[in-house]
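Descriptive structure summary
Residue-level listing of the chains:
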Amino acid sequence: MRYDPQQRKENRAARVSMALVRMAQAVKKIGQMESDDTGLSPVQIQSLLFTAHTRGDVASVGSLADHLGTTHVTAVKIVNGLVIKGLIAKYAKPGDRRITLLQLTSQGEEAVAKLDRWGEALEEAVQSLPEEALASLETGLGAVLSALQRRGHLVVAEPCLGCIHFRPNTGQDETPHYCNLIRKYLTHEATLKQCPEHKPSFLAP
Ligand code: SF4
């Protein structure tokens with residue numbers, strides 16, 4: 001039989017895609033299992049963690065929808081459920097009232113503090129892999145995430161470090177860093193929070 005590199009690549013891509021689908025199913029099942037004890041659904045937990053770790057001025061309903069990979073309408077319903085539970089507060093963004101920002105209530109902060117074991121079952125399973133397999137997986141999955149991000153299928157919020165818009169140590173005193181995108185000086189703490197606008201160098205034009 002004639003060796004066809006293109007066919008071989010396509011077959012491998014199909015096998016990897018199927019493995020990723022199976023992994024997604026397993027991760028969903030683990031998430032459901034871990035959330036059972038909290039009285040919250042996996043998507044509610046993801047929304048609370050998003051609100052806790054995203055910079056306050058960009059923690060909007062729209063960014064949450066991108067983060068969850070869902071529609072704006074669905075994100076609004078999820079948020080409203082958390083508002084009813086007293087875990088999240090909504091408020092209009094100062095200067096642009098069309099944008100709704102999210103903030104944890106004190107009850108929401110307590111709920112997030114109890115989520116420190118969230119994701120542990122998956123981490124345990126991954127930790128059981130040999131070091132070499134883990135290193136290959138890290139490289140391979142990073143490449144998959146980058147490809148999905150390039151095609152607009154995934155929004156990955158990250159802190160400022162590594163973002164093409166980040167100008168560290170160009171400010172003064174309380175706001176030592178600068179963001180060239182929002183044209184604003186930021187506190188060091190703000191730059192450590194996740195930002196949905198983060199643009200890594202591999203996505204630069
Ligand atoms: S766009 Fe980049 S530099 Fe600006 S706040 Fe977001 S992550 Fe930080």
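Here's a quick rundown of the structure. Along each chain, numbering runs from 1 in the same order as the chain's sequence is written. Whole-chain, interface and lining totals are the exception, using all residues; otherwise, since this is a predicted model, local features are given only for residues with pLDDT of at least 70 and side-chain atom pairs are given and counted only at 80 or more. Values reported for side chains reflect all heavy atoms of the structure, with hydrogen atoms and water molecules removed beforehand.

Thoughts on the layout of surface pockets
Think of a 1 Å grid over just the protein atoms. A cavity is a set of points where a 1.4 Å probe fits yet cannot get out, a pocket is an open set with protein on both sides within 12 Å along at least five of seven lines, and lining residues have an atom within 4 Å of a point. Grid points are joined across faces, edges and corners, and a volume is the space filled by probe spheres set on the points. Here the largest pocket defines a volume of roughly 1,900 Å³. As for the largest pocket, its lining consists of 42 residues, and the residues nearest its centre are V27, Q46, L122, L145 and L154. Contributing elements (two or more residues each) for the lining of the largest pocket: helix 1 (5-35), helix 2 (42-53), helix 3 (61-68), helix 6 (120-127) and helix 7 (131-150). Looking at the lining of the largest pocket, the element that brings in the most residues is helix 1, giving 10 residues. For the lining of the largest pocket, the residue count by class is 26 nonpolar, 11 polar and 5 charged. Numbering goes from the N terminus for both helices and strands, where a helix is a DSSP run of H or I of at least four residues and a strand is a run of E of at least two. Three classes are used, and their members are as follows: Ala, Val, Leu, Ile, Met, Phe, Trp, Tyr, Cys and Pro are nonpolar, Asp, Glu, Lys and Arg are charged, and the others, Gly among them, are polar.

A closer look at the site of the ligand
Inspection of the region around the ligand gives R55, C160, C163, H165, F166, C179, L181, C195, E197 and H198 as its neighbouring residues. A breakdown of the residues in the shell around the ligand according to their chemical character gives 6 nonpolar, 2 polar and 2 charged. We call a residue near a molecule or strand as soon as one heavy atom of that residue lies within 4 Å of the molecule or strand.

A word on the pattern of salt bridges
In what follows, salt bridge is the name for a side-chain nitrogen of Lys or Arg lying within 4 Å of a carboxyl oxygen of Asp or Glu. By the definition in use, this model includes 4 salt bridges. In this structure, the salt-bridge partner of D57 is R55, at a minimum N-O distance of 3.0 Å. Relative accessibility under 20% of the residue-type maximum defines a buried residue, over 50% an exposed one, and the middle range a partly exposed one, all with a 1.4 Å probe and only protein chains included. Classification of D57 as partly exposed rests on a relative accessible area of 24%. By sharing partners, the salt bridges in this structure join R55, D57 and K184 into a single network.

Nothing here speaks to function; it is geometry throughout.
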